[in-house]
Amino acid sequence: TRQWRGIIEEYRDRLPVGPTTEVISLGEGGTPLVKALTLSELTGCDVYLKVEGANPTGSFKDRGMTMAITKAKEEGAQAVICASTGNTSASAAAYAGRAGMVCAVLVPQGKIALGKMGQALVHGAKILEVEGNFDDCLTLARGLSEKYPVALVNSVNPVRIEGQKTAAFEIVDALGDAPDIHVLPVGNAGNITAYWKGYQEYDADGLATRTPRMWGYQAAGAAPIVRGEPVLNPSTLATAIRIGNPASWKFAESARDASGGHIESVTDRQILRAYKHLAAREGVFVEPASAASVAGLLQAAEQGRVDPGQRIVCTVTGNGLKDPDWAVAGAPPPVTVQIDADAAAEKLGLA
Ligand code: F0G
C-alpha cells in the first residue's frame, strides 16, 4: 500500500497543470465510498455514500481548492478572495495559508456554522461579515476581484470545477463503472456541474460504459432551479446551501437534462430526518446540507421512483462536526450518575 497523494498528483494527466507546476496540497480526495446498509435495504438498490467530510478541511471544497490555490500561486497571485456559506472559506483559508497567500472571505452575517467560522479564523483569513446573503457576497467578491489585485477562488473559477470532477473519477475507479444514479445536494451548483464533467470525461475515454442520471436536491426554502427563478430571501437550516441565485445554474440544468436526471427540493424536516438517520443507522455524521442528497433519495423511493437493483451513489458533502448544533438540538440532556457501577447500570437499563 502507498499513501494517497492528493487529487492533483493522482489525476495529474486529467487536470490543467504542467510538469513543473508546484502543487499546493493537503492530501485531499481519496475519500471513503461506504456502502449504506439501511438505505440499500430501504430502496432495494446498492447505495453508497461518498463521504466528502473526510477531506482535510472537512468538505469536498478541498478538491477544487487545491487546484485554485495551486493555479493562483503559479500565476503569482498574492491574495485570494471568496464568497462563502462557510466551507469554501474554511478550505480557501487553509490552502492559502499553506501557500503563503493572504485570504479574504466574505460570509453572510450570522448565517455560517460556528465550526466553519472557527476554521477560517484559525487558518488566518481576513473575514468580512456581509449584511446580505451568499448571493450578495458573491457579487461583492466578483467586483473586488475585477477591481483589485486579488484572485477569485469561488467555483465560477473554472479550475475549481476541474478539481472537484475528480470525485467522479474516484467513484468509477472504485466501482469499476459509473453508477446508475448519482445524488447530491445543490447550492451554488458547482459540484453537480463538476461531477457531470468527470463522468462525461471517463465515459468519453472508455473508462466507464455509461454516465449516471444526475439527481440534485435543493432545500425547499432555497430552491431557485426548481422554481425556475431566483429566490430573493433564501431560507433553510442547511446554511451551506442557503443560496437563491446559483452561479452554475445553467450548467446544473444541462447536467440534469443531458443525464436524464432531475433537480427537486426537500424540506428542512426531511433534511433533518435524513441527517439523523445517516448518523444513527449508517454511522456517518454529516452536516445538514449534506443530508439533502439522502433526503432526496428517500423522497424518490417513497414516491416509487427508484427501481430496485440499481447502483446509486449519494455524495455527502461536509462533516457533521462543522455544525453540531443540530445534533444536540432537541436531544434530551445526558443523565448524570455517581461513580457507582450498580447506579450506572440502572440508569443504562442494564440492571
Ligand atoms: N454541501 C455543502 C456542505 C456545501 O458547503 C455546499 C456549498 C454544497 C453542498 C453545495 O454545493 O454549491 O457546489 O452546489 N457550499 C458553498 C460554500 C456555497 O461557500 O461553502 P454547490
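Definitions and cut-offs
- Residues numbered from 1 in each chain as written.
- Predicted model: local features only at pLDDT ≥ 70, side-chain atom pairs only at ≥ 80, totals over all residues.
- Heavy atoms only, no water.
- Near = heavy atom within 4 Å.
- Polar contact = N/O pair within 3.5 Å; in protein donor to acceptor, adjacent residues only side chain to side chain.
- Areas by Shrake-Rupley, 256 points an atom, 1.4 Å probe, with all protein chains shown as cover.
- 1 Å grid on protein atoms, 1.4 Å probe; cavity = no way out; pocket = protein on both sides within 12 Å on 5 of 7 lines; lining within 4 Å.
- Sits in = over half its atoms within 2 Å of the grid points.
- Buried < 20%, exposed > 50% of the residue type's maximum accessible area, 1.4 Å probe, protein only.
- Helix = DSSP H or I, 4+ residues; strand = E, 2+ residues; numbered from the N terminus.
- Pairing = 2+ DSSP bridges.
- Axes fitted to C-alpha atoms, helices over the stretch in contact; angles between N-to-C directions.
- Contact = heavy atoms within 4.5 Å.
- Core = buried A, V, L, I, M, F, W, Y, C linked by side-chain atoms within 4.5 Å.
- Points joined across faces, edges and corners; volume = space filled by probe spheres on them.

A.B. asks: How do you make sense of the site of the ligand when you look at a structure like this?
C.D. replies: The immediate surroundings of the ligand are formed by 19 residues, with Ser84, Gly187, Asn188, Ala189 and Thr317 found nearest. In this structure, Asn188 approaches the ligand through a main-chain N or O atom, which is 2.7 Å from an oxygen atom. Between the ligand and Gly190, the relevant distance is 3.1 Å, taken from an oxygen atom to a main-chain nitrogen or oxygen of the residue. For the ligand, the accessible surface in isolation is 480 Å², of which the surrounding protein chains cover 98%. A majority-of-atoms criterion places the ligand in the largest cavity.

A.B. asks: Looking at this structure, how should I read the pairing of strand 3 (residues 79-83)?
C.D. replies: The side chains of a regular strand alternate between the sheet's two faces. Taken across its five residues, strand 3 has five buried, putting it largely inside the fold. Here strand 3 shows a buried face lined by Ala79, Ile81 and Ala83 and a second buried face lined by Val80 and Cys82. Sheet topology note: the strand 3/strand 4 (residues 102-108) ladder contains five bridges and is parallel. Bridging from a neighbouring strand, Val80 pairs with Cys103 of strand 4. Direction of pairing for strand 3 relative to strand 6 (residues 151-152): parallel, over a ladder of two bridges. Paired with Val80 across the strands is Ala151, a residue of strand 6.

A.B. asks: I'm lost on unusual backbone geometry in this one. Help?
C.D. replies: Comment: phi is negative for the bulk of residues other than glycine, and the bulk of peptide bonds are trans. Backbone geometry places Ala189, a non-glycine residue, at a positive phi of 75°. Position of Ala189 relative to the elements: it lies in the loop between strand 7 (181-185) and helix 9 (190-204). By relative accessible area, which is 4% here, Ala189 ends up buried.

A.B. asks: When you look at the sheet that holds strand 4 in this model, what are you seeing that I'm missing?
C.D. replies: Sheets are built from strands paired through backbone hydrogen bonds, the pairs being either parallel or antiparallel. Taking strand neighbours across the sheet as the criterion, the four strands line up as 5-4-3-6 in an open arrangement whose pairing is parallel. Edge positions in the sheet fall to strand 5 (126-130) and strand 6, since each of these pairs with one other strand and no more.

A.B. asks: It is not clear to me how the sheet that holds strand 8 (residues 213-219) should be interpreted in this structure. Could you clarify?
C.D. replies: The strand order 1-2-10-7-8-9 describes an open sheet built from six strands, whose pairing is mixed. The open sheet has two edge strands, strand 1 (33-35) and strand 9 (262-266), and neither has a second partner. Taken pair by pair, the neighbouring strands of this sheet meet at an average axis angle of 25°, ignoring direction. Bridge analysis of strand 7 against strand 10 (residues 311-316) gives three bridges, and the strand direction is parallel. From the neighbouring strand, Ile181 faces strand 10, where its bridge partner is Ile312. Each of strand 1, strand 2 (46-51), strand 8, strand 9 and strand 10 touches helix 12 (residues 268-282); the most contacted strand, strand 9, lies at about 90° to it.

A.B. asks: What should I look at first to understand the nonpolar core in this one?
C.D. replies: When a protein is soluble and globular, its nonpolar side chains tend to lie buried together. Ranked by internal contacts, the top residues of the largest apolar core, which has 53 residues, are Ile69, Val80, Cys103, Val153, Ile192, Tyr195 and Tyr199. Sequence-distant contacts of Ile192, that is, excluding residues within four places in its chain, are made with Leu184, Val186, Met214, Gly216, Ala252, Ala255 and Ile263. Counting residues in each nonpolar core, the second largest holds 35 residues, with Leu49, Leu272, Ala291 and Cys314 among its members.

A.B. asks: I tried to follow empty space enclosed by the protein on my own but got confused; where do I start?
C.D. replies: Applying the stated criterion across every chain yields a total of one cavity of 30 Å³ or more. Computed from the structure, the largest cavity encloses a volume of approximately 320 Å³. Along the wall of the largest cavity there are 26 residues; nearest its centre are Phe60, Lys61, Gly187, Asn188 and Ala240. Among the secondary structure elements, those contributing two or more residues to the lining of the largest cavity are helix 4 (87-99), helix 7 (158-164) and helix 9.

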